[in-house]
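Chains, contacts and geometry: an overview
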Amino acid sequence: MPSCRIHTLPYSADPTRYFEKIRQAPGAVLFDSGRPASRRGRYDLLSAWPRARLVPSAGETGSGFLQRLRQAASSLGHIETPGLPFAGGLMGYLSYDFARRLERLPDTTHDDLELPDAQLGLYAWAVITDHQAQTTTLVCHPSLDGRECERLRRLFRTPPPRSTAFHLAADFTPDLTVSDYRAAIERILAYIQAGDCYQVNFAQRFQAPFQGDPWVAYQALRQVCPTPFAGYQSLDGGGAILSLSPERFLSATDGQVETRPIKGTRPRGRSAAEDRLYADELRLSAKDRAENLMIVDLLRNDLSRSCRPGSVHVPQLFALESYPNVHHLVSCVRGELAPGKDALDLLAGSFPGGSITGAPKIRAMQIIEELESRRRAIYCGSLLYLDAGGRLDSSIAIRTLLARNGRITCWGGGGIVADSDWQAEYQESITKVRTLLATLRAL
């Protein structure tokens, strides 16, 4: 079996040092573990100049598109690379609205952002940093021309180009008034009381015009909000996806599957004592634990569609994880892929993530479609990579911004349950994005 060409580069605890050298290249994409400030993630991956770009065609089903992804990834050929998560394959995103290609859902919201439902590239090389081993390597698939591999090796040893600037042309404005937000929450509570659903994730959107380079904005955001499932993906026309997500959606390695849903949020305190108070309040909250448990049960069901019977289990429930602007309750669900199933089957049976839809999932998504007037686009979708050997890792795109056509868009939301208070939920939706918006205002 041919092997990848692996070239050692100087280790960098910060992936932006290498990504800056390719950020303006077609298809530039970064999967960012938030190092050195964040300590939870292990790998950074980055690449550009994809061999092919895959976007769903009009009327194409979700299963049809995923089959095209499967064929594209397998076209490279599987190469064993012990100790590395990626040796050529797919990188990109699925938007929340890709779900319409997988399930029968209404389509009434306005698509003013016009983001494709998915966009993934087929990449034959990547720069991979392993923060546990403290190594950075350029990995070239054997199908990549040797001269191109040498060009990349030289490129990553040259100084990066100078960054430009980014600034908002006006302040962020929400799509909803406070009264509109309250009316939507009350409508959801009425559905819950009628027995239609148990939980619905509802979000509001914030937008501002901007000028300059979204990469500058991303660098500033990752400084104040380092997270283990962050990412940056360049888009045609100078736009980009900027994600500071703390939440893993699905991973699959050697048949072992994991998802890590987040449900339950409190702000960080202004003093150590206040911070402990918020953390303890979240940890002991019966409401937040019940909300988290609903999503764990939903995800156990989703994973069971593709996992071996009896293998799905919950090794971690209601763990506290703290980030610069919020505390979260995080659980973990694991399983083992059933014979004949692969990572894309797992994705098809679980997308979008239950932590950002509600329960039951389809009914919750119908209510979201009714009450959110505009499409979510990348928000609550997923950034993902799929190695040619079947290894998958993916995020849920929360704390995520879309820079496109001169406007930058951000979303904040939360799960609504029977005893939700609309004012507290409104405040939580703002708490989740306050640090992001304030950082961009200051640029």
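A brief report on the enclosed structure follows.

Criteria and cut-off values
- Just so you know, the residues in each chain are numbered from 1, in the order the chain's sequence is written.
- Two thresholds apply to this predicted model, a pLDDT of at least 70 for residue-level local features and 80 or more for giving and counting side-chain atom pairs, whereas whole-chain, interface and lining totals are computed over all residues.
- Only hydrogens and water are set aside when side-chain values are computed; all heavy atoms of the structure are taken into account.
- For patch detection, residues must exceed 30% relative accessible area and be free of salt bridges, and they are connected within 9 Å for like charges or within 5 Å for nonpolar side chains (Val, Leu, Ile, Met, Phe, Trp, Tyr).
- What sets the accessible areas is the Shrake-Rupley method with a 1.4 Å probe; for residues, cover comes only from the shown protein chains.
- Take a side-chain nitrogen of Lys or Arg and a carboxyl oxygen of Asp or Glu: if they are within 4 Å of each other, that pair is a salt bridge.
- Counting from the N terminus, the helices are the DSSP runs of H or I reaching at least four residues and the strands are the DSSP runs of E reaching at least two.
- Using a 1.4 Å probe on the protein chains alone, a residue whose accessible area is under 20% of its type maximum counts as buried, one over 50% counts as exposed, and one in between counts as partly exposed.
- Here, two cysteine sulfur atoms that lie within 2.5 Å of each other are counted as a disulfide.
- Joining through side-chain atoms within 4.5 Å is the link that ties buried Ala, Val, Leu, Ile, Met, Phe, Trp, Tyr and Cys residues into a set, and such a set is a nonpolar core.
- We call two residues contacting when some pair of their heavy atoms lies within 4.5 Å.
- Polar contacts, as counted here, are pairs of nitrogen or oxygen atoms within 3.5 Å of one another; within protein the pair requires one atom able to donate a hydrogen and one able to accept it, and residues that are adjacent in sequence qualify only if both atoms are side-chain atoms.
- Geometry is summarised by axes, namely lines fitted to C-alpha atoms with helices restricted to the contacting stretch, and by angles between N-to-C directions that run from 0 to 180 degrees.
- Note on convention: the crossing is left-handed when the near helix lies turned anticlockwise from the far helix by less than a right angle, right-handed when the turn is clockwise.
- Side-chain classes are defined by residue name, with Ala, Val, Leu, Ile, Met, Phe, Trp, Tyr, Cys and Pro counting as nonpolar, Asp, Glu, Lys and Arg as charged, and the others, Gly among them, as polar.
- Strands were regarded as paired on the criterion that DSSP finds at least two bridges between them.

**A word on a nonpolar patch on the surface**
Together, Leu293, Val314 and Leu317 make up an exposed nonpolar region whose accessible area comes to about 210 Å². Topologically, leucine 293 is positioned in helix 7 (residues 286-304).

**As for the pattern of salt bridges**
Under the counting rule described, the total for this entry stands at 46 salt bridges. For aspartate 145, the salt bridge goes to arginine 147, with nearest N and O atoms at 3.1 Å. Judged by its relative accessible area of 37%, aspartate 145 falls in the partly exposed class. When its relative accessible area of 68% is taken as the criterion, arginine 147 is described as exposed. The shortest N-O distance in the salt bridge between lysine 432 and glutamate 428 comes to 2.9 Å. With lysine 432 and glutamate 428 both in helix 10 (residues 422-441) and 4 residues apart, this pair spans about one turn of that helix. According to the relative accessible area criterion, glutamate 428 is buried, its value standing at 17%.

**Focus: the state of the cysteines**
The tally for this structure, following the rule as stated, stands at 1 disulfide. Here cysteine 140 pairs with cysteine 149 through a disulfide, and the sulfurs are 2.3 Å apart. Handedness of the cysteine 140-cysteine 149 disulfide follows from its S-S torsion of about 90°: it is right-handed. Cysteine 140 gets classed as buried once you look at its relative accessible area, which sits at 0%. Since its relative accessible area comes to 1%, cysteine 149 is described here as buried.

**Quick word on the nonpolar core**
Trp125 and Ile408 are the most contacted members of the largest nonpolar core, which has 129 residues in total. Broken down by element, the residue count for this core peaks at 7 residues, all from helix 4 (residues 178-193). Residue contacts for isoleucine 408: discarding those within four places in its chain leaves Phe166, Leu168, Phe172, Phe206, Gln207, Ala208, Phe210, Leu401, Leu402, Ala403 and Leu440.

**A word on the side chain of arginine 376**
Of note, arginine 376 is situated in the loop between helix 9 (361-371) and strand 20 (382-387). A relative accessible area of 2% means that arginine 376 is categorised as buried. Within the local environment of arginine 376, its side chain forms a polar contact with the backbone oxygen of isoleucine 356, the two atoms lying 3.0 Å apart. Separated by 2.8 Å, the side chains of arginine 376 and glutamate 372 make a polar contact. When residues no more than four places from it in sequence are discounted, the contact partners of arginine 376 are Tyr96, Asp97, Asn201, Phe202, Ala203, Ile356, Ile368 and Trp411.

**A few points about the packing of helix 4 against helix 10**
As a packed pair, helix 4 and helix 10 sit with axes 10 Å apart at the nearest point and diverge in direction by 120°. The chirality of how helix 4 crosses helix 10 is right-handed. Seen from helix 4, the contacting residues are Val178, Tyr181, Arg182 and Ile185; seen from helix 10, they are Trp422, Glu425, Tyr426 and Ser429. Taken together, the residues of the contact of helix 4 with helix 10 break down into 5 nonpolar, 1 polar and 2 charged.

**Things to note about the pairing of strand 18 (residues 326-336)**
The element strand 18 is largely enclosed, with a buried count of 9 among its 11 residues. Both strand 15 (residues 256-259) and strand 18 contribute to a ladder of 4 bridges, which runs antiparallel. What sits directly across from glutamine 256, in strand 18, is glutamate 336. Relative to strand 18, strand 16 (residues 262-267) is paired through 4 bridges, and the arrangement is antiparallel. By the bridge assignment for strand 18, threonine 265 is matched with histidine 328. As paired elements, strand 17 (residues 313-322) and strand 18 share 6 bridges and run antiparallel to each other. Among the inter-strand pairings, glutamate 321 is bridged to a residue of strand 18, identified as histidine 328. Hairpin remark: strand 17 followed by strand 18, antiparallel, with 3 residues in the connecting loop.

**Regarding the pairing of strand 13 (residues 240-245)**
Burial runs high along strand 13: 6 of the 6 residues are buried. By the alternation rule, side chains of strand 13 split into Ala240, Leu242 and Leu244 and Ile241, Ser243 and Ser245, which are all buried. In the sheet, strand 12 (residues 229-234) pairs with strand 13 via 6 bridges, with the strands oriented antiparallel. Bridged to glutamine 233 within strand 13 is isoleucine 241. Here strand 12 folds back onto strand 13 in antiparallel fashion, the turn holding 5 residues, of which glycine 237 has a positive phi close to 80°. Bridge count for strand 13 against strand 22 (residues 400-404) is 4 bridges, and the pairing is antiparallel. If you follow serine 243 over to strand 22, its bridge partner there is threonine 400.

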